[in-house]
Each structure stands twice: as structure tokens, then as C-alpha cells.
Amino acid sequence: MAISVRIHPLLPNGSQRVEVGGRLDTHTYGELDDPLTLVLAAKVQALVLDLAHLEYVSSAGVRSIFRARKLLAERGGTLVLANTQPQVQKVFDIVKAVPLSEIFRSVQEADAYLDRIQKRIVAGDEDD
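Residues numbered from 1 in each chain as written. Predicted model: local features only at pLDDT ≥ 70, side-chain atom pairs only at ≥ 80, totals over all residues. Heavy atoms only, no water.

Caption draft 1: Structural context of the pattern of salt bridges. Taken as a whole and judged by the stated rule, the model has 5 salt bridges. Two residues, Glu 19 and Arg 17, come together in a salt bridge whose shortest N-O distance is 3.3 Å. A relative accessible area of 18% means that Glu 19 is categorised as buried. Among the ionic pairs, Arg 17 bridges to Asp 50, the shortest N-O distance being 3.0 Å. Taken together, the residues span a long stretch of sequence, with Arg 17 in strand 2 (residues 15-24) and Asp 50 in strand 3 (residues 46-57) at a distance of 33 residues. The class of Arg 17 is partly exposed, set by a relative accessible area of 32%. (Salt bridge = Lys/Arg side-chain N within 4 Å of Asp/Glu carboxyl O. Buried < 20%, exposed > 50% of the residue type's maximum accessible area, 1.4 Å probe, protein only. Helix = DSSP H or I, 4+ residues; strand = E, 2+ residues; numbered from the N terminus.)

Caption draft 2: Up close: the packing of aromatic side chains. This model, assessed by the stated rule, comprises 0 aromatic pairs. The aromatic ring of Phe 66 is capped on one face by Arg 69, whose charged end is 6.0 Å from the ring centroid. (Phe/Tyr/Trp six-rings, centres within 6.5 Å; stacked < 30°, edge-to-face > 60°. Lys NZ or Arg CZ within 6 Å of the ring centre and 35° of its normal.)

Caption draft 3: How the structure looks around the environment of Arg 23. By the secondary structure assignment, Arg 23 is in strand 2. Note on Arg 23: relative accessible area 27%, which makes it partly exposed. Counting along the chain gives 20 residues from Arg 23 to Ile 3, while the straight-line C-alpha distance between them is 5.4 Å.

Caption draft 4: Structural view of the sheet that holds strand 1 (residues 3-7). In space, the 4 strands of this open sheet follow the order 1-2-3-4, with mixed pairing throughout. On the outer flanks of this sheet lie strand 1 and strand 4 (78-82), each paired with one strand and no other. Within this sheet the neighbouring strands show an average axis-to-axis angle of 20°, counted without direction. Against the sheet, helix 1 (residues 29-41) touches strand 1, strand 2 and strand 3, its axis set at about 10° to strand 1. Packed on one face of the sheet, helix 2 (residues 59-74) meets strand 2, strand 3 and strand 4 and runs near 145° to strand 4. (Pairing = 2+ DSSP bridges. Axes fitted to C-alpha atoms, helices over the stretch in contact; angles between N-to-C directions. Contact = heavy atoms within 4.5 Å.)

Caption draft 5: The arrangement of unusual backbone geometry in detail. Phi is positive for Asn 83, which is not a glycine, with a value near 60°. Relative to the elements of secondary structure, Asn 83 occurs in the loop between strand 4 and helix 3 (86-97).

These figures come from the coordinates and say nothing about function on their own.
And the structure:
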């Protein structure tokens, strides 16, 4: 499945909402990075990533979002996530607790782990 990215107009307060749907992974992260680069080139102070329709995120997708967060933070801005699906939220919870680079020997191993977690949650088995 492809990724969808919808950029809403910049609000007068410097806030902008971007909707992301589908799968954010090794094959699609560039389709988010490119529009986010344009958004971040503007005077955005707060970026809201609406993830209501994001079904899956890999470590490449997480890096893409963290990159945008870092760029905004460097100029005093903020990035927030909204409407995360449970399986996607679980990935962000894991990454916040321990950086992926400290857990896994490779990106492939990390992605395989994140894939298993998200499939379990979608199937209704949230224990891991």
C-alpha cells in the first residue's frame, strides 16, 4: 500500500496540519520527507501530524518523523502527533523508551520486530 500525504493550509498562528495515511516504511518515507521539507522551509512553528489513517510505520518512517521534529526544535518549533492508531502508537512508545539503535543489530531486525508488534495489535492481541 502506498502512502498518502495531505497538507492543510498554514494557519495565521504558524501552525500547520499534515495528514498521513497508508504505510510509512522504507519504500514510502521519501513521499513524506519531500512534502515535509517544503512545509518546514516555511515559517511553521507547530506541525501537527494527523496519523488517523496511518496503518503501519517502520523504523524508516520513525526516522522521518524524528527528523522533522528535530528540524522544528532547532528553531523553537514543535511537532505533535495526533490520532495515532494503536499499532502505530505502540511503535512510538517503544522508540521513546529505548532508541532502536540500542535494541537491534540491524534496521531489518528492527523492522521485523515492529512489523510483528503492529500485526498483533491489529489482530487484537496487544500483549508483547
